[in-house]
Amino acid sequence: MRIRPIARHDIEGLKVLARETGVGFTSLPDNHEFLIAKIERTLAAFEAREKSEDRLYFFVLEDDSDGSIAGCCAIEACVGSDAPFYHYRLGSLAHSSVQLNLHRTLDTLTLCSDHTGNAEVCSLFLREDWRRDRNGALLSKVRWLFMAQFREVFPNKVLAEMRGVFTPEGRSPFWECLGSHFFPMDFEEADRLTGMGQKSFIGELMPKFPIYTPFLSEPARAAIGQVHEHTRPAVAMLKKEGLRWEGYVDIFDGGPTVEAYIDDVRAVRDSQLARVELIEGNAPATERPSIMASTTSMADFRASWISHGVTQDDDGECHVRLHRDEAGRLAVAAGDYLRVLAG
């Protein structure tokens, strides 16, 4: 398996992913024209043909045995640059009466765009047949290696929006209790419009004043800051990297937004550059790789698991040994550099 930037010929594979993601996966709507535009925007980003803050870096996970597209992930270099990037901020308001000697503190949700200007890791999806062999970890962590290698094109902070709670029938308790009263459409239509970049209606129709959560139903309150069952592995990996929930939730399904300073993310901090050395033969099929490696060229970016760790010579330079098949998968030669990360 290897990670690479999406290409024009991947459109049919991307459409399959879009159909399989399911309800609540906002960033990958099943719309041919939109997906074509996403690919073109990605090509412009990797070729540095647009401003840094407008760039989308979209990757696919490819099974190099037959070229199948097994999953995808992406990085938005800067959110909110073209349209407001809305969340609810969970807070509280205190009320007191001196005369009655009473004091109450009530939880609230307030519409905000506090994350404008941050980077976002998004669009992580892995098809069911490939949910094995640490493919999910490869998809999730490759974005940190990319950000570490090209740190200059990203801002100080990064966030990730997590899909919220849905019933087995695909209904969102949070939406049904709150959002449905402000938008004359069902969840799927609001989700589709947002995914396609049509976000102005949010600020136009949502309430501008704090919403007291005790007015919400019990299922809606219970959904605040909780994730979809299929999203739990993804949020667990993000938390291991140091991202934390700071009280921001999605305005449609109530799912949490986790965040961190990019330089504090474990994989960004711990990754390092190493010079490639080639060894004969292919990697042992029975060996479980524990080292992730990515190339240092943006236009030809590749990433995969490799078998051997990093060594250091007497001059302090790091080296990494690659089998022939591993080098071919990454399209590197002896003397090239890779960014590597253990685990």
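What counts, and at which threshold
- Residues numbered from 1 in each chain as written.
- Predicted model: local features only at pLDDT ≥ 70, side-chain atom pairs only at ≥ 80, totals over all residues.
- Heavy atoms only, no water.
- Salt bridge = Lys/Arg side-chain N within 4 Å of Asp/Glu carboxyl O.
- Helix = DSSP H or I, 4+ residues; strand = E, 2+ residues; numbered from the N terminus.
- Core = buried A, V, L, I, M, F, W, Y, C linked by side-chain atoms within 4.5 Å.
- Buried < 20%, exposed > 50% of the residue type's maximum accessible area, 1.4 Å probe, protein only.
- Contact = heavy atoms within 4.5 Å.
- Arc of directions from axis to C-beta.
- Polar contact = N/O pair within 3.5 Å; in protein donor to acceptor, adjacent residues only side chain to side chain.

Trainee: Looking at this structure, I do not really get the pattern of salt bridges. What am I missing?
Mentor: A side chain of one charge can pair with a side chain of the opposite charge if their charged atoms are brought near each other. The tally for this structure, following the rule as stated, stands at 20 salt bridges. Lysine 15 is the salt-bridge partner of glutamate 12, the closest N and O atoms lying 3.6 Å from each other. Pair noted here: glutamate 12 and lysine 15 are both in helix H1 (residues 11–20), with a separation of 3 residues, about one helical turn. Aspartate 263 is the salt-bridge partner of arginine 151, the closest N and O atoms lying 2.8 Å from each other. Of the two residues, arginine 151 is situated in the loop between helix H3 (135–149) and strand E7 (157–161) and aspartate 263 in the loop between strand E10 (256–261) and helix H9 (266–270); the sequence distance between them amounts to 112 residues. Within the structure, one salt-bridge network assembled from shared partners comprises Arg2, Arg4, Asp10 and Glu62.

Trainee: In this structure, what is going on with the nonpolar core? I would like to understand it.
Mentor: Note on soluble globular proteins: their nonpolar side chains tend to be buried together. Residues Tyr57, Phe59, Trp144, Phe146, Met147 and Phe154 are the most contacted members of the largest nonpolar core, which totals 45 residues. Broken down by element, this core gets its largest block of residues, 9 residues, from H3. For phenylalanine 154, the contacting residues outside a window of four places in its chain are Tyr57, Ile75, Ala77, Ala119, Phe146, Met147 and Ile262. Residues Leu111, Leu193, Phe201 and Met206 belong to the second largest nonpolar core, which totals 23 residues.

Trainee: Sorry if this is basic, but what is going on with the environment of leucine 124 here?
Mentor: With respect to the secondary-structure elements, leucine 124 resides in strand E6 (residues 119–126). In sequence terms leucine 124 and glycine 71 are 53 residues apart; their C-alpha atoms lie 7.5 Å from each other. Ignoring any residue separated from it by four or fewer positions in sequence, one finds leucine 124 in contact with Phe25, Cys72, Cys73, Leu139, Ser140, Arg143 and Ala234.

Trainee: When you look at helix H8 (residues 232–240) in this model, what are you seeing that I'm missing?
Mentor: In an α-helix, one turn spans 3.6 residues; hence positions three or four apart end up facing the same way. Within H8 the residues assigned to the buried category are Ala234, Val235 and Leu238. Along the axis of H8, the buried positions cluster into a sector of 95 degrees, meaning they face one direction only. In H8, the exposed residues that point more than 90 degrees away from the buried face are Arg232 and Lys240. One or two positions beyond H8, positive phi appears at glycine 242, with a value near 110 degrees.

Trainee: Where do I start with the side chain of asparagine 135 in this structure?
Mentor: Relative to the elements of secondary structure, asparagine 135 occurs in helix H3. Among the polar contacts listed, one links the side chain of asparagine 135 to the backbone oxygen of tryptophan 130, at a separation of 3.0 Å. The contact partners of asparagine 135, leaving out residues within four places of it in the chain, are Met1, Leu61, Leu126 and Trp130.

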